[in-house]
Amino acid sequence: MNSNQAQAKAPTAIILAAGASSRMGTPKGLLTIQGETLLAAHIQALRPFSESIILVLGADLHTYLNAAPSDITVRINQNWATTSQAESVRTALEATGQQQAAWVVPIDSSPAKPETLRQLLARGAPAVPVHKSGSRGHPALLGVEQLAQLRLSI
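Sequence positions are assigned chain by chain, starting from 1 and proceeding in written order. Owing to the predicted nature of the model, reporting of local features is limited to residues with pLDDT of at least 70; listing and counting of side-chain atom pairs is limited to 80 or more, with chain, interface and lining totals taken over all residues. Side-chain metrics in this entry use all non-hydrogen atoms of the structure; hydrogen atoms and water are not considered.

Asks: What am I meant to see in the overall build of the protein chain here?
Replies: Only DSSP runs of H or I reaching four residues or more are called helices, and only runs of E reaching two or more are called strands; each is numbered from the N terminus. Per the secondary structure count, the protein chain includes 6 helices and 7 strands. A globule of 154 residues ought to have a C-alpha radius of gyration of about 15 Å, and the protein chain, at 15 Å, matches this closely. Counting only C-alpha atoms, the protein chain reaches 45 × 35 × 35 Å along its principal axes. Of all 154 residues assigned to the protein chain, the portion counted as buried reaches 40%. Here, two residues are considered to be in contact whenever any of their heavy atoms come within 4.5 Å of each other. By sequence separation, contacts in the protein chain at least 24 residues apart represent 67% of the contacts at least 6 residues apart. Note on areas: Shrake-Rupley, 1.4 Å probe, and residue coverage restricted to the protein chains presented here. Counting every atom, the protein chain has about 8,700 Å² of accessible surface; 50% of that belongs to carbon and sulfur. In this tally Asp and Glu are treated as negative and Lys and Arg as positive; neither His nor the chain ends contributes. By convention, the point assigned to a charge is CZ for Arg, NZ for Lys, CD for Glu and CG for Asp. Counting 12 positive and 9 negative side-chain charges, the protein chain places the averaged centre of each group 6 Å from the other. Every radius of gyration here is taken over C-alpha atoms, with the globule rule written as 2.2 Å times N^0.38, N being the number of residues. Classification of residues uses two cut-offs on accessible area relative to the type maximum, computed with a 1.4 Å probe and protein chains only: under 20% is buried, over 50% is exposed, and between them is partly exposed.

Right, dumping it as structure tokens:
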């Protein structure tokens, strides 16, 4: 990291888990992979690279609340069934007074590897990982400008 990045606040992590997982039949974030839930794996991956973690919930609220660590912030997208993921991001941003970048991670994506997060931070926001095939992935690292535009577009 350069000196400006070292002085900047670490991004906030926003984990989007408001959907109903209707085709799956169970909350995706609570599926167990290699002995831990997908939610726990995301939190573990993001924690060293984040100032705080916000979990946005909607459907399956109580099931997730029982599994969520007490040191993360939970926000509820009351309109989860009729809105997009962008509305869930806005719901998270209402809790923060966002003045720094944010990781945006859908719960049904693979948890990021530390090297991926380091590379994205070194690149600076906005940034997304790009697979060698050219497809873009997660997490997205959005800057203050992109988050402000997102707030205004909703």
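Now that the structure is up, let's keep going.
Asks: What should I look at first to understand the sheet that holds strand 1 (residues 12-17) in this one?
Replies: To summarise the sheet geometry, strands pair through backbone hydrogen bonds and adopt either a parallel or an antiparallel arrangement. Only when DSSP finds a minimum of two bridges between them are two strands counted as paired. Strand order in the open sheet made by the 5 strands is 5-4-1-6-7, with mixed pairing throughout. Edge strands, defined here as strands with exactly one partner in the open sheet, are strand 5 (73-76) and strand 7 (140-142). Ignoring which end each strand starts from, the neighbouring axes of this sheet average 25° apart. Two strands pair when backbone bridges link them, and strand 4 (residues 52-57) and strand 5 are joined in this way by 4 bridges, in the parallel orientation. Bridged to I54 within strand 5 is T73. A fitted line through C-alpha atoms serves as each axis, taken over the contacting stretch for helices, and the angle formed by two N-to-C directions is quoted from 0 to 180°.

Asks: Just checking my understanding: could you explain empty space enclosed by the protein for this structure?
Replies: The gaps left among the atoms become clear once a water-sized probe is rolled over them. Buried and open spaces are told apart on a 1 Å grid over the protein atoms alone, a cavity being a set of points where a 1.4 Å probe fits but cannot get out and a pocket being an open set with protein on both sides within 12 Å along at least five of seven lines. Residues with an atom within 4 Å of a point are the lining residues. Grid points are joined across faces, edges and corners, and a volume is the space filled by probe spheres set on the points. One pass over the structure, following the stated rule, counts 1 cavity of 30 Å³ or more. One number sums up the size of the largest cavity: a volume of about 30 Å³. Under this grouping Gly is polar, as are all residues other than the nonpolar Ala, Val, Leu, Ile, Met, Phe, Trp, Tyr, Cys and Pro and the charged Asp, Glu, Lys and Arg. Looking at the lining of the largest cavity, its residues break down into 6 nonpolar, 3 polar and no charged.

Asks: What's the story with the pairing of strand 1 in this structure? I'm lost.
Replies: When a strand is regular, its side chains alternate between the sheet's two faces. Burial runs high along strand 1: 6 of the 6 residues are buried. Side-chain alternation along strand 1 places T12, I14 and L16 on one buried face and A13, I15 and A17 on a second face that is also buried. Bridge count for strand 1 against strand 4 is 6 bridges, and the pairing is parallel. Bridged to I14 within strand 4 is I54. Both strand 1 and strand 6 (residues 102-106) contribute to a ladder of 5 bridges, which runs parallel. Its bridge partner lying in strand 6, T12 is registered against A102.

Asks: What is the right way to read the nonpolar core from this model?
Replies: A general tendency of soluble globular proteins is for nonpolar side chains to be buried together. Formed by 25 residues in total, the largest nonpolar core has its most connected members in I15, L39, L46, L55, Y64 and W103. Elements that contribute at least two residues to this core include exactly strand 1, helix 2 (38-46), strand 4, helix 3 (61-67), strand 6 and helix 5 (114-123). When neighbours within four sequence positions are excluded, L46 is seen to be in contact with A13, I15, W103, V105 and L117. Of all hydrophobic cores here, the second largest spans 11 residues; its members include V56, V89, A102 and L150. What makes a nonpolar core is a set of buried Ala, Val, Leu, Ile, Met, Phe, Trp, Tyr and Cys residues whose side-chain atoms join them at distances within 4.5 Å.

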